[in-house]
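Breakdown of the fold
Chain by chain, the residues:
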Amino acid sequence: MTVGSYFPGRGTLVEEKFLEGKAEGKVEGQAVGQAEERARLVVRVLENRGVSVPPEVRERVAGCADLETLGRWLDLSFTVSEAGGIFEES
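First, a word on scope: everything that follows refers to the structure included in this document.

1. Observations regarding the packing of aromatic side chains
Each aromatic ring pair is characterised by the separation of its centres together with the angle its planes make. The tally for this structure, following the rule as stated, stands at 1 aromatic pair. Arranged with centres 4.8 Å apart and planes meeting at 80°, the rings of W73 and F87 form a pair that is edge-to-face. Remark: F87 occurs in the segment after helix 3 (67–77) and W73 occurs in helix 3; sequence separation between them is 14 residues. The pair W73 / F87 is uniform in exposure class, with both members buried.

Take a look at the structure:
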């Protein structure tokens, strides 16, 4: 009878797939964290400039997970005169 080894570092297919999944989870988690941080920055810049940020703008910004969109909104948050202006297409 053959006994399998489940010790880490043995290079089994199960271990490889587990580690791939773990790495993908870390990458996804980092992207979510970056999106949340960028969303907070958008609102923070607007507030520090004295621009009123209504709840619907906060919700839309917080609900966005696209880093490119959030980056565009962050850039616009430095120049708009009202919070909704970050959503306008140029």
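2. Overview of the side chain of T69
Residue placement: T69 occurs in helix 3. Given a relative accessible area of 14%, T69 falls into the buried group.

3. Topic: the side chain of S77
As for its placement among the helices and strands, S77 is situated in helix 3. S77 has contacts with V42, V45, L46, R49 and I86, leaving out every residue within four places of it along the chain.

4. Structural notes on the environment of V42
Note on placement: V42 falls in helix 1 (residues 13–48). Judged by relative accessible area, which is 0%, V42 ranks as buried. Apart from the residues lying within four places of it in its own chain, the contact partners of V42 are V61, L70, W73, L74, S77 and I86.

5. Focus on the pattern of salt bridges
Enumeration according to the criterion identifies 2 salt bridges in this entry. A salt bridge links E37 to R40, with the shortest nitrogen-to-oxygen separation between them at 2.8 Å. In this pair, E37 and R40 both sit in helix 1, 3 residues apart, roughly one turn of the helix. Close ionic contact of R58 with E47 constitutes a salt bridge, the shortest N to O distance being 2.4 Å. Residue R58 is located in helix 2 (residues 55–62), and its partner E47 is located in helix 1; the two are separated by 11 residues in the primary sequence. With relative accessibility at 35%, the residue R58 sits in the partly exposed group. Classification of E47 by relative accessible area gives partly exposed; the value is 39%.

6. Overview of the nonpolar core
Ranked by size, the top nonpolar core spans 18 residues in total, and within it V42, L46, V61, L70, W73 and I86 carry the most contacts. Of all the elements in the fold, those that place two or more residues in this core are helix 1, helix 2 and helix 3. The contacts of V61, once residues within four sequence positions are left out, are A39, V42, V43, L70, W73, I86 and F87.

Cut-offs applied
Residues numbered from 1 in each chain as written. Predicted model: local features only at pLDDT ≥ 70, side-chain atom pairs only at ≥ 80, totals over all residues. Heavy atoms only, no water. Phe/Tyr/Trp six-rings, centres within 6.5 Å; stacked < 30°, edge-to-face > 60°. Helix = DSSP H or I, 4+ residues; strand = E, 2+ residues; numbered from the N terminus. Buried < 20%, exposed > 50% of the residue type's maximum accessible area, 1.4 Å probe, protein only. Contact = heavy atoms within 4.5 Å. Salt bridge = Lys/Arg side-chain N within 4 Å of Asp/Glu carboxyl O. Core = buried A, V, L, I, M, F, W, Y, C linked by side-chain atoms within 4.5 Å.

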